[in-house]
Amino acid sequence: MELIKKSGIMIQGSRVVVIGRSVVVGGIVAELLKWNDATVINCHEHTHNLKEEVQAADIVVAAAGIPNYVQGSWIKQGAVVIDAGINLVSDPNKRSGLSIVGDVEFSTARKRASFITPVPGGVGPMTVQMLMKNTVKAAANQHFAVKKTSVKELTESTTIAQKSLLVEEKFTNLP
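All of these numbers come straight from a predicted model, not from anything done at the bench.

Rules behind the numbers
Residues numbered from 1 in each chain as written. Predicted model: local features only at pLDDT ≥ 70, side-chain atom pairs only at ≥ 80, totals over all residues. Heavy atoms only, no water. Salt bridge = Lys/Arg side-chain N within 4 Å of Asp/Glu carboxyl O. Helix = DSSP H or I, 4+ residues; strand = E, 2+ residues; numbered from the N terminus. Buried < 20%, exposed > 50% of the residue type's maximum accessible area, 1.4 Å probe, protein only. Contact = heavy atoms within 4.5 Å. Arc of directions from axis to C-beta. Polar contact = N/O pair within 3.5 Å; in protein donor to acceptor, adjacent residues only side chain to side chain.

## So, the pattern of salt bridges
Item 1. Counting across every chain of the model gives three salt bridges.
Item 2. With its nearest N and O atoms 2.6 Å apart, the salt bridge here joins Asp-58 to Lys-76. With Asp-58 in the loop between helix H3 (50-55) and strand S3 (59-62) and Lys-76 in the loop between S3 and strand S4 (80-83), this residue pair connects regions lying 18 residues apart in the sequence.
Item 3. Taking the relative accessible area as the measure of exposure, Asp-58 reaches 22% and is therefore partly exposed.
Item 4. Looking at Lys-76, the relative accessible area reads 29%, which means it is partly exposed.

## Section: the environment of Val-40
Item 1. Within the secondary structure layout, Val-40 lies in strand S2 (residues 39-43).
Item 2. Considered as a pair, Val-40 and Gly-13 are 27 residues apart in the sequence and their alpha carbons are 9.6 Å apart.
Item 3. The contact partners of Val-40, leaving out residues within four places of it in the chain, are Val-16, Val-18, Ala-30, Leu-33 and Lys-34.

## Focus: helix H2 (residues 26-35)
Item 1. If you check which residues of H2 are buried, you get Gly-26, Val-29, Ala-30 and Leu-33. All buried residues of H2 fall inside an arc of 100 degrees around its axis, so they share one side.
Item 2. Each element contacted by the buried residues of H2 is listed here: helix H1 (2-7), strand S1 (15-19), S2 and S3.
Item 3. Backbone geometry just after H2 places Asp-37 at a positive phi near 65 degrees.

## Some points on the side chain of Asn-87
Item 1. Of note, Asn-87 is situated in strand S5 (residues 87-90).
Item 2. One polar contact links Asn-87 to Asp-103, side chain to side chain, over a distance of 2.8 Å.
Item 3. Excluding anything up to four places from it in sequence, Asn-87 contacts Gly-65, Ile-66, Pro-67, Ser-99, Ile-100, Val-101, Gly-102 and Asp-103.

Here is the structure:
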């Protein structure tokens, strides 16, 4: 959700295609988007008209676990693409013989999308950043709920929270 919000696109009223139905990514993302008033279409590897669904989408979230499953040419001009796929493919040019690719064919999709997450380096780092943010919030909530704090302690904790927000802001604004 944070990546979509940072893209600047209006979620409310947007047509969203979520490819993948796992309880870890696809299902949860679809529900979050519905709660934010998006029109959500759930697709998967057995969807007969996947190409047409993707072509009509303002936002595409790919979490199918199939390398380069979504062709870049299917992406609607100006769409937002969140690729949560992490797939290993053979790559004779790499020393290891393997490369990591997403579920979306990146090279073509990036020319059409207004915003796209790379793989690797997109959803993963943002997940870590959100975990850190929520850990700091949970610790602060627990600290203040269990212990009566002085003004000095509150100021020190606020400073930590502010630093966390600054780190978040800098991280999400990387080129």
